[in-house]
Amino acid sequence: MSKIIRIGTRDSKLAMWQAKTVQSLLEKLGHKTVLVPIKSTGDIVLDKPLYELGITGIFTKTLDIAILNEDIDIAVHSLKDVPTQLPKGIVQAAVIKRGNVNDTLVYKNNEEFLSAKDAIVATGSLRRRAQWLNRYPTHTVVGLRGNVNSRLEKLESNDWNAAIFAAAGIGRLNIKPENAINLHWMIPAPAQGAVMITALESDEEIRTICAEINHEETEICTTIERKFLRQLEGGCTAPIGALAYIKNEEVNFKGILLSKDGSKKIEVSKVVPLGEHSDIGEFCADYIIGKGGKTLMDQLQRSDRNTNIYSTKKLTDGQLQLFHNNVVADSNDAIKISLNRIPKSVVRKEIENVIITSKNGVEALLHNFAPAELQFKNIYCVGRRTKRMIEKRIGNVKHIEANAKKLAEHLVEYMEGAEVTYFCSDLRLDDLPNILVENNITVNEIEAYQTKYNTDKVESNLDGVMFYSPSTVESYLKQNKASGIAFCIGETTAKVAKQFFEDVRIAKVPTVESVIELVNENYV
C-alpha cells in the first residue's frame, strides 16, 4: 500500500503499547504507518466507576467517530472494551494474538488478609467486584479508576489491602509488582487480554492488509465469548465473565453471571470439538438465562434506572418480577418486630374470646407457648394469611374480617360473652378497643410484640410508596416526606395514609401481590 496507514488509539500508556504492537506487525509486512492518539471520555472522567457512567463503549466511541469521519484508517482497542454491536459501517478487521487472560491481585503487605473477615480491595470493574464479594462476602470493595500506573500509586497511598488489575495490562507495561498473584478462579471479562483492530467496512484494501496479522485462535475464542455476552445483553453495567480456550482440538468454555453485590451467581461450562463451536456461546448464554439469568439481568437493568416505587416491606425476587416493565422498585422492611415475653398466667386457663390481628401476634404466642398450652375457645382474626397461620398452628378461627374496625363491629353484634383478650403490638390503632369498650365489652390487652421503626431515607423522586400496615406509614414518614401515590394493602392502612397523602389507593385483597397489581395499574 502506497499511502501511510493512520492508526487511531487512545493516548494512555497501555493503549499506546497496543497501537505500537499493531504498528510493528504492519511495518514488518512493509506497510508505512503513523499513530494518531485520541483522548476518550473514559480517560477524561476518572472520578466515577465505569459502571456508573452509563455509557456503552466509553473507550471506543471517539475512535469510532474518527474512523467514520475518515480521520484515521484503523482503530486499535482493548477488545473487552468494545460493544458487541459495532456502529454501522465499522467492522472488526483483525485481532492479534491474545495475552494473559487472567485478573491479577496486587497486594500491599502479604496475603494474610485473604483469610481475614475485614479487608479492603479496590477495583473499578463491576465484574471483579461481584466475583470478589461472592468469594469474600465480608470484605469491602472500593472504586478505583485511572491508568495502570496511577491505580498502583493509589493503592500505595490508600489504606487498602489490595487492588485488582488485568494481568495483560501490567504485563505489557512491564510493571508487574512482586506482590502480585493471578486470580485463576476469577472468570475474566469476555475478550480480556485481546487487542482488536477496526476499520471501515467499505475500505477493502485496509481490511485485506489487517487480515494478514489476524490471529485465528484468538479470533475464534473471543468471538465465542462476545456472542455469549451479546446473548445475555450485557455491557459494562452487568457482572458477566466468559473465557474460551482451545486445547487438544477442543474448545473449552466457561461463563458466569452475578448480581452486583455478588450474592447471586449462575455459572456454566461446556466443551465441544473444534469445528463444532459456532453456537457454543449462544448455547451457554441460553443455559444461564434458563437457570434464572433472565430474572437476574432484569434486576440489573432495573438497578441502572432511578427507583420510582418504594415498598415498605422487603420484596422477594419473585415479587419483584411481577412489576410492570416501567417500574423500578426498591424495598426494605420499614418496621422490625421484637417478640415480647408473655407471662404463663395469661394462658393458664381457657380463654373464651381471643383477638389476633396479625401474623406477628401468632409468632409471639408460639414463641412463648406450645400450641397445646393455647386453650382458646373462640379465635377472631384480621386477614386471610393470619387465619391460615392460626389454623395451621393453633386451632380453628371462628370469624375473620379484612380489618380491625370491621372485626370490632362484628364482635359487638355476634360475640358471646362480654370480655376479650387482645394479643397486640405496642403500636396499634385505637379503633378496635374503643369500639368494644364503648359497647361494654372488656378488653384485656396483652402486648405480645413491639414494632420498631426501621425506615430508609429514600433519595429518588417516587411515583408511589407501598404500605402494609399503619406502622409502615408512620415509619416511612419519620425519614421521608409524603409524595406520590400511597398504595395500601387495606382500609386500616389507607386510613392513616390519607392523613398525609393526597392520592391513596387500596388493594382488592390484602396481599403483597395485590398491592403490586395496584401499582401496575398506574403504568398501563
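The structure under discussion appears in the preceding block.
About the criteria used
- Residues numbered from 1 in each chain as written.
- Predicted model: local features only at pLDDT ≥ 70, side-chain atom pairs only at ≥ 80, totals over all residues.
- Heavy atoms only, no water.
- Helix = DSSP H or I, 4+ residues; strand = E, 2+ residues; numbered from the N terminus.
- Rg over C-alpha atoms; globule rule 2.2 N^0.38 Å.
- Buried < 20%, exposed > 50% of the residue type's maximum accessible area, 1.4 Å probe, protein only.
- Contact = heavy atoms within 4.5 Å.
- Areas by Shrake-Rupley, 256 points an atom, 1.4 Å probe, with all protein chains shown as cover.
- Polar contact = N/O pair within 3.5 Å; in protein donor to acceptor, adjacent residues only side chain to side chain.
- Pairing = 2+ DSSP bridges.
- Axes fitted to C-alpha atoms, helices over the stretch in contact; angles between N-to-C directions.
- Salt bridge = Lys/Arg side-chain N within 4 Å of Asp/Glu carboxyl O.
- Core = buried A, V, L, I, M, F, W, Y, C linked by side-chain atoms within 4.5 Å.
- Patch = residues over 30% accessible without salt bridge, like charges linked within 9 Å, V, L, I, M, F, W, Y side chains within 5 Å.
- Lys, Arg positive; Asp, Glu negative; His and termini not counted.
- Charge placed at Lys NZ, Arg CZ, Asp CG, Glu CD.
- Phe/Tyr/Trp six-rings, centres within 6.5 Å; stacked < 30°, edge-to-face > 60°.
- Lys NZ or Arg CZ within 6 Å of the ring centre and 35° of its normal.
- Parallel < 35°, antiparallel > 145°, perpendicular 65-115°, else oblique.
- Left-handed = near helix turned anticlockwise from the far one by under 90°.
- Nonpolar A, V, L, I, M, F, W, Y, C, P; charged D, E, K, R; others polar.

Remarks on the overall build of the chain
Right, so step 1: Helices and strands together make up the secondary structure of the chain, namely 18 helices and 24 strands.
Right, so step 2: For the chain, the C-alpha radius of gyration of 31 Å lies well beyond 24 Å, the compact-globule estimate for 524 residues.
Right, so step 3: Each of the three principal axes of the chain carries a C-alpha extent, and together these read 105 × 50 × 45 Å.
Right, so step 4: Across the 524 residues in the chain, those meeting the buried criterion constitute 51%.
Right, so step 5: Taking the intrachain contacts of the chain between residues at least 6 apart in sequence as the baseline, contacts between residues at least 24 apart amount to 63%.
Right, so step 6: Of the accessible surface of the chain, which amounts to about 25300 Å², a share of 45% is contributed by carbon and sulfur atoms.

Looking at the side chain of N252
Right, so step 1: With respect to the element layout, N252 can be found in strand β12 (residues 250-258).
Right, so step 2: At 3.5 Å, the side chain of N252 and the backbone oxygen of E250 are in polar contact.
Right, so step 3: Setting aside residues up to four positions removed in sequence, N252 forms contacts with L243, A244, Y245, K247, K270 and V271.

Quick word on the sheet that holds strand β3 (residues 74-78)
Right, so step 1: Within the open sheet, the five strands sit side by side as β2-β1-β3-β10-β4. Their pairing is mixed. Looking at the sheet topology across the chains shown, the edges are occupied by β2 (33-37) and β4 (90-96). Within the sheet, the average angular offset between the axes of one strand and its neighbour, ignoring direction, is 30°.
Right, so step 2: Examined bridge by bridge, strand β1 (residues 5-9) and β3 share two bridges and lie parallel to one another.

Here's the deal with the pattern of salt bridges
Right, so step 1: With the rule as written, the count across this model stands at 18 salt bridges.
Right, so step 2: K80 is the partner of D81 in a salt bridge, and the nearest nitrogen-oxygen pair spans 3.4 Å.
Right, so step 3: Look at D81 and you get buried, because its relative accessible area is 16%.
Right, so step 4: Of the residues examined, K80 reaches a relative accessible area of 36% and is grouped as partly exposed.
Right, so step 5: Taking the shortest distance from any N to any O, the salt bridge between K508 and E521 comes out at 4.0 Å. Pair noted here: K508 is in the loop between β24 (503-506) and α18 (512-521) and E521 is in helix α18, with a separation of 13 residues, a long-range link.
Right, so step 6: For E521, a relative accessible area of 43% corresponds to the partly exposed category.

Describing the nonpolar core
Right, so step 1: Residues I224, F228, I240, F253, L257 and I288 are the most contacted members of the largest nonpolar core, which totals 23 residues.
Right, so step 2: Looking at this core, the elements that each hand over two or more residues are α9 (216-232), β11 (240-247), β12, β13 (265-273) and α10 (280-303).
Right, so step 3: If you tally residues by element for this core, the top one is α10, at seven residues.
Right, so step 4: Once residues lying within four places of it in the same chain are set aside, the contact partners of I288 are F228, L232, G255, I256, L257, I266, E267, V268 and G293.
Right, so step 5: In this structure, I342, V362, I390 and V397 belong to the second largest nonpolar core, which totals 22 residues.

A short note on helix α12 (residues 359-368)
Right, so step 1: All buried positions along α12 are accounted for by G361, V362, A364, L365, L366 and N368.
Right, so step 2: One side-chain oxygen at the N-terminal end of α12 lies 3.3 Å from the backbone nitrogen of N360; it belongs to S358.

Considering the environment of N182
Right, so step 1: Tracing the backbone through its elements, the reader meets N182 in strand β9 (residues 180-183).
Right, so step 2: With 81 residues separating them along the chain, N182 and V101 place their C-alpha atoms 9.7 Å apart.
Right, so step 3: Setting aside anything within four residues of it in sequence, one finds N182 in contact with N100, N102, D103, T104, A167 and K176.

So, a positive patch on the surface
Right, so step 1: Residues K313, K359, R384 and R388 make up a contiguous surface patch of positive charge.
Right, so step 2: In this fold, K359 is placed in helix α12.

Digging into a negative patch on the surface
Right, so step 1: Side chains of E350, E352, E416 and E419 sit close together on the surface and give a patch of like negative charge.
Right, so step 2: On the basis of relative accessible area, E352 is assigned to the partly exposed category, the value being 34%.

Considering the packing of aromatic side chains
Right, so step 1: This model, assessed by the stated rule, comprises eight aromatic pairs.
Right, so step 2: Aromatic side chains W132 and W185 sit 6.0 Å apart centroid to centroid with 45° between the ring planes, which places their arrangement in the tilted category. Placement of the pair is W132 in helix α5 (residues 126-135) and W185 in the loop between β9 and β10 (195-200), with a sequence separation of 53 residues.
Right, so step 3: Using a relative accessible area of 1% as the deciding quantity, one classes W132 as buried.
Right, so step 4: Both rings, one in F467 and one in Y476, keep their centres 5.7 Å apart while their planes meet at 75°; by these two values the pair is edge-to-face. Judged on exposure class, the residue F467 and its partner Y476 are both buried.
Right, so step 5: An aromatic cluster is defined as three or more aromatic residues linked by ring pairs; in this entry it consists of Y310, F467, Y476 and F501.
Right, so step 6: The positively charged end of R135 is found above the aromatic ring belonging to W185, 4.4 Å away from the centroid.

A short note on the packing of helix α14 (residues 404-414) against helix α15 (residues 431-438)
Right, so step 1: The N-to-C vectors of α14 and α15 enclose an angle of 20°; their axes lie 8 Å apart at closest approach. With respect to α15, the axis of α14 lies roughly parallel. In this structure, α14 crosses over α15, and the sense of that crossing is right-handed. Facing α14, whose interface residues are A404, K405, L407, A408, L411 and V412, α15 presents D431, L432, I435 and L436.
Right, so step 2: When grouped by side-chain class, the residues that make up the contact of α14 with α15 number eight nonpolar, no polar and two charged.

Examining the sheet that holds strand β22 (residues 464-467)
Right, so step 1: Across the sheet, which stays open at both edges, the five strands sit in the order β15-β14-β22-β23-β24 with parallel pairing between neighbours. Sheet topology places β15 (329-331) and β24 at the edges, where each strand pairs with a single neighbour. Each adjacent strand pair in this sheet contributes to an overall mean axis angle of 20°, direction not counted.

Comments concerning the pairing of strand β8 (residues 162-166)
Right, so step 1: Within β8, five of the five residues are buried, leaving the element largely enclosed by the surrounding structure.
Right, so step 2: Relative to β8, strand β6 (residues 120-122) runs parallel, the two sharing two bridges. Bridged to A122 within β8 is A163.

By themselves, these figures tell us nothing about what the structure is for.
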